[in-house]
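Inside the fold
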Amino acid sequence: MNILYLVPNVLNAFGGPNTRTKRFKKEFLKDGGEIVEGKLKVSSIFTRKKIDLSYVESATNRIALIDIPSLFFLRLRSKKTIVFIRDIYIELFPEEYKTFRSKITYFFNKLSNFYLTLIATSMVFPTEEMGEVFFKKNKFFPKRPFTDLPPGTHDITPNRIPPDFSEKLGILYLGSLGYTNSGYQNFITFAETYKNQYNFFILSGDKDLKEKVTATHIKLGKVPRKAIPQFITDNNIAYAFHTRPRNMYDDITFPIKVFDFLSFQLPFFSERHAPVQKLLGNDYPIFASFENNQEIHRKIKSINPQEYQELLSLLKEIAVNNTYDKRYKKLLEQ
């Protein structure tokens, strides 16, 4: 029997953590596995027979008190216990934890990561590079073998309809603007410069979206994920912008929106983040610097319908090879 143990409360999770948790739940249940979550974690573990594999999806910040005995007994009853560490923000930016309250957060996050490492037989991270930094920054932690387990694609658009190049093309920003390094201002700057050449859209669940974006030439909205492919078609959207700048943190993790773009087969402009470049290949034609808007504009104008179709085919191939089903199979091979 294979078990998915959820540290985060799915009802409280949002964005990337929510999507990842739900998709892995689907894969485990489809394969006859079971889910351990909620307030009865300890007692539910003892109702299971001998466990072949336990996969632990950790939360962004810390484990709860109930997770301490639950994970201990889970480890005792499991042949293999694989722990996923979602991020290592505190390892890379300790200077941001100087106030009394943030120091408490830092301490419990560090303690949680130590305990998760202690009960693991092996570990996975969004990228192998993150795992390397994690153990380099925590030399006193137990050593564990590790590999990568990025987010995945799902509900892949079966037949993406290319945009009408004889009409005004749309450009999309997808997701929250709240992350410090989201880079959304680069999208707004490009939209201001080329508002007469393209139509611009932001789809986001941010409650303060209208306060952050006051430009009338950018259309704001929020639609369910399953409706986004039709939104792309209806608005003749040709490209998306992944505007995160290069930095130490974003070069070792995967934003889940990249996998959404792949699922939708929506070509997206991006800096050459190391994980994204490894995923898309060195020859991906629309890597770009958002400090050079003229070059981005030139690339948009230079790509003809045939080249665009080739780009769609490339994105679909990558999407099919990076589904959550394949992520689950990789777990079973650990």
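It should be noted that the structure appears before, not after, this text.
Residues numbered from 1 in each chain as written. Predicted model: local features only at pLDDT ≥ 70, side-chain atom pairs only at ≥ 80, totals over all residues. Heavy atoms only, no water.

A few points about helix 7 (residues 184-193)
Those residues of helix 7 that fall on the buried side of the exposure criterion are Tyr184, Phe187, Ile188, Phe190 and Ala191. Seen from one end, helix 7 has its buried residues packed into an arc of 165 degrees, which puts them on one side. (Buried < 20%, exposed > 50% of the residue type's maximum accessible area, 1.4 Å probe, protein only. Helix = DSSP H or I, 4+ residues; strand = E, 2+ residues; numbered from the N terminus. Arc of directions from axis to C-beta.)

Focus on the sheet that holds strand 4 (residues 78-84)
With respect to topology, 6 strands assemble into an open sheet ordered 2-1-3-4-5-6, the strand pairing being parallel. Looking at strand neighbours, the two that pair on one side only are strand 2 (34-36) and strand 6 (146-148), the edges of this open sheet. For this sheet the average axis-to-axis angle between neighbouring strands, irrespective of direction, equals 25 degrees. In this sheet, strand 4 lies alongside strand 3 (residues 51-57) in parallel orientation, the contact comprising 6 bridges. Bridge pairing in strand 4 links Val56 to Val83. (Pairing = 2+ DSSP bridges. Axes fitted to C-alpha atoms, helices over the stretch in contact; angles between N-to-C directions.)

Comments concerning the packing of helix 3 (residues 67-77) against helix 5 (residues 100-119)
Two elements in contact, helix 3 and helix 5, have axes whose closest approach is 10 Å; the angle formed by their N-to-C orientations is 15 degrees. The orientation of helix 3 relative to helix 5 falls into the category roughly parallel. The element helix 3 and its partner helix 5 pack so that their crossing is right-handed. Only Tyr115, Leu116 and Ile119 of helix 5 make contact with helix 3, whose side of the interface consists of Asp67, Ile68, Leu71, Phe72 and Arg75. Residue composition of the contact of helix 3 with helix 5, by class: 6 nonpolar, no polar and 2 charged. (Parallel < 35°, antiparallel > 145°, perpendicular 65-115°, else oblique. Left-handed = near helix turned anticlockwise from the far one by under 90°. Contact = heavy atoms within 4.5 Å. Nonpolar A, V, L, I, M, F, W, Y, C, P; charged D, E, K, R; others polar.)

Some points on the pairing of strand 7 (residues 170-174)
Counting buried positions along strand 7 gives 5 out of 5 residues, so the element sits mostly inside the fold. Because side chains alternate across strand 7, one face comprises the buried residues Gly170, Leu172 and Leu174, and the other comprises Ile171 and Tyr173, equally buried. As paired elements, strand 7 and strand 8 (residues 199-203) share 5 bridges and run parallel to each other. Paired with Leu174 across the bridge in strand 8 is Leu203. For the handedness criterion, the β-α-β arrangement of strand 7, helix 7 and strand 8 is classed as right-handed. As paired elements, strand 7 and strand 10 (residues 237-242) share 3 bridges and run parallel to each other. If you follow Ile171 over to strand 10, its bridge partner there is Tyr239. (Right-handed = clockwise from strand over helix to strand, strands pointing away.)

Focus on the pattern of salt bridges
The final tally for this structure, using the stated rule, is 17 salt bridges. Among the ionic pairs, Arg86 bridges to Glu57, the shortest N-O distance being 2.9 Å. Of this pair, Arg86 sits in the loop between strand 4 and helix 4 (89-92) while Glu57 sits in strand 3; the two residues are 29 residues apart in sequence, bridging distant segments of the chain. The pair formed by Arg86 and Glu57 is uniform in burial state, with each residue classed as buried. One salt-bridge network, in which partners are shared between bridges, spans Glu27, Lys30, Asp325 and Lys329. (Salt bridge = Lys/Arg side-chain N within 4 Å of Asp/Glu carboxyl O.)

The values are spatial; any link to function lies outside them.
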